[in-house]
Amino acid sequence: MSSPSEEPAWRQRAVERSIKAAKVRAEQRVQRFLDAAQVIIDEKGTTDFTVQEVVDRSRQSLRSFYLHFDGKHELLLALFEDALNRTADQIRAAASGQKEPLDRLKVAVQLLFELCRPDPDARRPLFTDFAPQLLVSHPTEVKVAHTPVLAVFTELLTDAEEAGLLSPDVKPRRTAALIMQTVMFNAQSSGSPDDETANPLTADEIWDFCANGITYH
């Protein structure tokens, strides 16, 4: 028997249902803002847009926007995090097609390299415009955003370690961060794959470099 101070069970259920319904509606509103912003980015090929443009495209209110986002920066960060989540899923799926741990890691390294290379035909302003600015102004947010990709490489290195394929001093998580940063930096600095005069690095060279640093010689 409940004490007088406790809420009746029916009231608790009613409140829980109300909260759940409000959460679903909020998620739907947020997704509409994200979808609208992504369409604008795709159309313009740049992150140079206004909050009002997003509000108008989403057919929602400015008040609703600021209930869910502090401003344009937070909206772009949400899109950036979503993009990196999809990247992590893509890498994990590609690596899973290989049986051997080092082959899985090789696929992951090479795919991340290719995904991060400058491509004049693939307009990716979240990575080419927003990410470099974010790295300077909000390095902690960048680190958090890359967590899904880091997790994939940590898993792959842990598998290789358990198979006895890595040098004894290799620590999977720390090494995963080093590999991820090395691959992404060199990919973004390598120039366009169509620029023959730049003699850009290749995915094979990047893998050979990483493999030499973590495996037995």
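Residues numbered from 1 in each chain as written. Predicted model: local features only at pLDDT ≥ 70, side-chain atom pairs only at ≥ 80, totals over all residues. Heavy atoms only, no water.

1. Looking at the environment of Ile206
Within the secondary structure, Ile206 sits in helix H10 (residues 203-214). Remark: the alpha-carbon pair of Ile206 and Gln12, spanning 194 residues in sequence, is separated by 57 Å. Discounting chain neighbours no more than four positions away, the residues touching Ile206 are Val109, Phe113, Val183, Asn186 and Leu201. (Helix = DSSP H or I, 4+ residues; strand = E, 2+ residues; numbered from the N terminus. Contact = heavy atoms within 4.5 Å.)

2. A short note on the packing of helix H5 (residues 101-116) against helix H9 (residues 172-189)
Interhelical geometry of H5 versus H9 gives an angle of 35 degrees and a closest axis separation of 8 Å. Every pair of crossing elements has a handedness; the one defined by H5 and H9 is right-handed. Facing H5, whose interface residues are Val109, Leu112, Phe113 and Cys116, H9 presents Ile179, Met180, Val183, Met184, Asn186, Ala187 and Gln188. Each residue belonging to the contact of H5 with H9 can be placed in one class, and the counts come to nine nonpolar, two polar and no charged. (Axes fitted to C-alpha atoms, helices over the stretch in contact; angles between N-to-C directions. Left-handed = near helix turned anticlockwise from the far one by under 90°. Nonpolar A, V, L, I, M, F, W, Y, C, P; charged D, E, K, R; others polar.)

3. Quick look at the packing of helix H1 (residues 9-44) against helix H4 (residues 72-95)
Closest axis-to-axis distance for the H1/H4 pair is 10 Å, and the angle between their directions is 85 degrees. By the angle class used here, H1 and H4 are roughly perpendicular. On H4, the residues that touch Phe33, Leu34, Ala37, Gln38 and Ile41 of H1 are Leu75, Leu76, Ala78, Leu79 and Asp82. Looking at the contact of H1 with H4 residue by residue, the classes come out as eight nonpolar, one polar and one charged. (Parallel < 35°, antiparallel > 145°, perpendicular 65-115°, else oblique.)

4. Brief notes about the pattern of salt bridges
When charged atoms on two side chains of opposite charge get close, those side chains can pair. Scanning the entire structure with this criterion turns up seven salt bridges. For Arg92, the salt bridge is made with Asp89, and the minimal N-O distance between the two is 4.0 Å. Remark: Asp89 and Arg92 occur in helix H4; sequence separation between them is three residues, near one turn of the helix. The shortest N-O distance in the salt bridge between Glu155 and Arg92 comes to 3.1 Å. Taken together, the residues Glu155 in helix H8 (residues 147-162) and Arg92 in helix H4 connect sequence positions 63 residues apart. On the basis of relative accessible area, Glu155 is assigned to the partly exposed category, the value being 39%. One salt-bridge network, held together by shared partners, links Asp89, Arg92 and Glu155. (Salt bridge = Lys/Arg side-chain N within 4 Å of Asp/Glu carboxyl O. Buried < 20%, exposed > 50% of the residue type's maximum accessible area, 1.4 Å probe, protein only.)

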